[in-house]
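One letter stands for each residue in the lines below.
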Amino acid sequence: MTSPEDRGPEEQAGREPGQGPEDKPFHFTDKRKVDPEAGSPREGADAGSTGGSAGDDAERDPLAGLDFEPSDEAEVDAAVLAAKAEAAEHLDALQRERASFTNYRNRSLRDQEAARTKGIEDVLTALLPVLDDIDRARQHGELTGPFAAIAEKLDASLEKFGIERYGRVGEEFDPTVHEALMHQPDAEATTTTVNLVIEPGYRIGDRVVRAARVSVVGPQ
């Protein structure tokens, strides 16, 4: 019998004499526990330290080893979506109420301003005869002494409420703010102008309470 020391390198390596290392057949063994194509555990795969029962469970339910419950998570998502939808409804209702209140407030302010202007206009209309008498006395130089001071205070009070007296000699005639009671032709005139203020006009802002009653002179 030949001893191991008497064997050649080929015999010690398990090869027949004359067979080189490149002639030895190569075998590959796939030891992966999960089939990469099927995505499931291989039959007969070792389940590890949990034994065969864990492997059987993995084959029956691939989600058996997960540590969360998908059903609970779905319920939480549904609750969040419902809460967001309810919040959106409340926000929309609040915005509508706010817009309605803003419109109501603006309308109330306009109504208040209109009522205030109407009240001032009513008082001015009632005072027009008195104001005309004061103006005539001023034009004739009869407004002197304490009566002149009273007339100035009255004019200042009217200005505080936005009442303006207008109408002066020499200004151009405007039919929207003047009422011509007399007209005198002038061959040299190029425009129609006021040459006499019979009764001054009064207005509140842009609203004419009474047009100025005047005499005008203009082209024939």
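Reading guide: rules and limits
- For every chain, the first residue of the written sequence is number 1, and numbering continues from 1 onward in sequence order.
- Residue-level local features of this predicted model are given only where pLDDT is at least 70; pairs of side-chain atoms are given and counted only at 80 or more, and the full residue set underlies all totals for whole chains, interfaces and linings.
- Each side-chain value is derived from all of the structure's non-hydrogen atoms; neither hydrogens nor water enter the calculation.
- Under the scheme used here, helices are H or I runs from DSSP no shorter than 4 residues and strands are E runs no shorter than 2 residues, and both carry numbers assigned from the N terminus.
- Accessible surface is estimated by sampling points in the Shrake-Rupley manner with a 1.4 Å probe; for residues, cover comes only from the protein chains shown.
- Contacts were defined at the residue level, with two residues in contact if any of their heavy atoms lie within 4.5 Å.
- When DSSP finds two or more bridges between two strands, those strands count as paired.
- The angle between two axes is taken between their N-to-C directions and runs from 0 to 180 degrees, where each axis is a line fitted to C-alpha atoms and a helix contributes only its stretch in contact.
- Across the chain, each position has a pLDDT score giving the predictor's confidence in that residue, from 0 to 100.
- Pairing of aromatic rings covers Phe, Tyr and the six-membered ring of Trp, with a centre-to-centre limit of 6.5 Å; geometry is then stacked below 30 degrees between planes, edge-to-face above 60, and tilted otherwise.
- We call a charge positioned above a ring when the Lys NZ or Arg CZ atom is no farther than 6 Å from the ring centre and deviates by at most 35 degrees from the ring normal.
- Multiply 1.5 Å by the residue count of a helix minus one, and that product is the helix's expected span.
- Summary of the burial criterion: residues with accessible area below 20% of their type's maximum are buried, those above 50% are exposed, and those between are partly exposed, where the area comes from a 1.4 Å probe applied to protein chains only.
- Directions pointing from the helix axis toward each C-beta atom define the arc.

## Quick word on the overall build of the protein
Scanning the protein from terminus to terminus reveals four helices and six strands. The linear arrangement of helices and strands in the protein, starting from the amino end, is α-α-α-α-β-β-β-β-β-β. Accessible surface, the protein as shown: approximately 16,900 Å² in total, 53% of it carbon and sulfur.

## Topic: the environment of Val217
With respect to the element layout, Val217 can be found in strand S6 (residues 212-218). Between the C-alpha atoms of Val217 and Thr191, which are 26 residues apart in sequence, the distance is 8.3 Å. If sequence neighbours within four positions are ignored, Val217 has contacts with Gln184, Asp186, Thr191, Thr192, Thr193 and Asn195.

## Side note on the sheet that holds strand S4 (residues 201-204)
Across the sheet, three strands lie side by side as S1-S4-S5; this open sheet has antiparallel pairing. The two strands at the open ends of the sheet, each matched to only one other strand, are strand S1 (163-166) and strand S5 (207-210). Shown here is a sheet whose adjacent strand axes are inclined to one another by a mean of 35 degrees, direction ignored. Sheet topology note: the S4/S5 ladder contains three bridges and is antiparallel. Residue Arg203 lies in a different strand from S5, and its bridge partner there is Val208.

## A word on the confidence of the model for the protein
Atom-level detail of predicted coordinates should not be read off regions where pLDDT is low. The pLDDT averaged across the protein works out to 79; a share of 67% of its residues lies at or above 70. Least confident of the elements in the protein is helix H1 (residues 9-12), whose mean pLDDT is 50; most confident is S4, at 95.

## Remarks on the packing of aromatic side chains
Evaluation of the coordinates by the stated rule reveals zero aromatic pairs. Lying across the ring of Tyr166, Arg203 places its NZ or CZ 4.3 Å from the centre.

## Examining helix H4 (residues 146-160)
For H4, with 15 residues, the first-to-last C-alpha span of 22 Å sits near the 21 Å given by 1.5 Å per residue. All of the buried residues along H4 are Ala148, Ala151, Asp155 and Leu158. Axial view of H4: buried residues confined to an arc of 80 degrees, hence all on one face. Opposite the packed face of H4, turned more than 90 degrees from it, sit the exposed residues Pro146, Ile150, Lys153 and Lys160. Just beyond H4, the residue with positive phi is Gly162, at close to 80 degrees.

## Notes on the sheet that holds strand S3 (residues 193-199)
Spatial strand order, S2-S6-S3: three strands in an open sheet with mixed pairing. Each edge of the open sheet is held by one strand with a lone partner, namely strand S2 (178-185) and S3. On average, each strand axis in the sheet is inclined to that of its neighbour by 25 degrees, with strand direction left out of account. When S3 meets S6, the two strands line up antiparallel, connected through five bridges. Each residue of the ladder has a partner; that of Thr193, found in S6, is Val217.

## Considerations on the side chain of Ser215
For Ser215, the location among the structural elements is in strand S6. A relative accessible area of 1% means that Ser215 is categorised as buried. Contacts of Ser215, omitting those with residues within four sequence positions, involve Met182, Gln184, Thr193, Val194, Asn195, Leu196 and Ile198.

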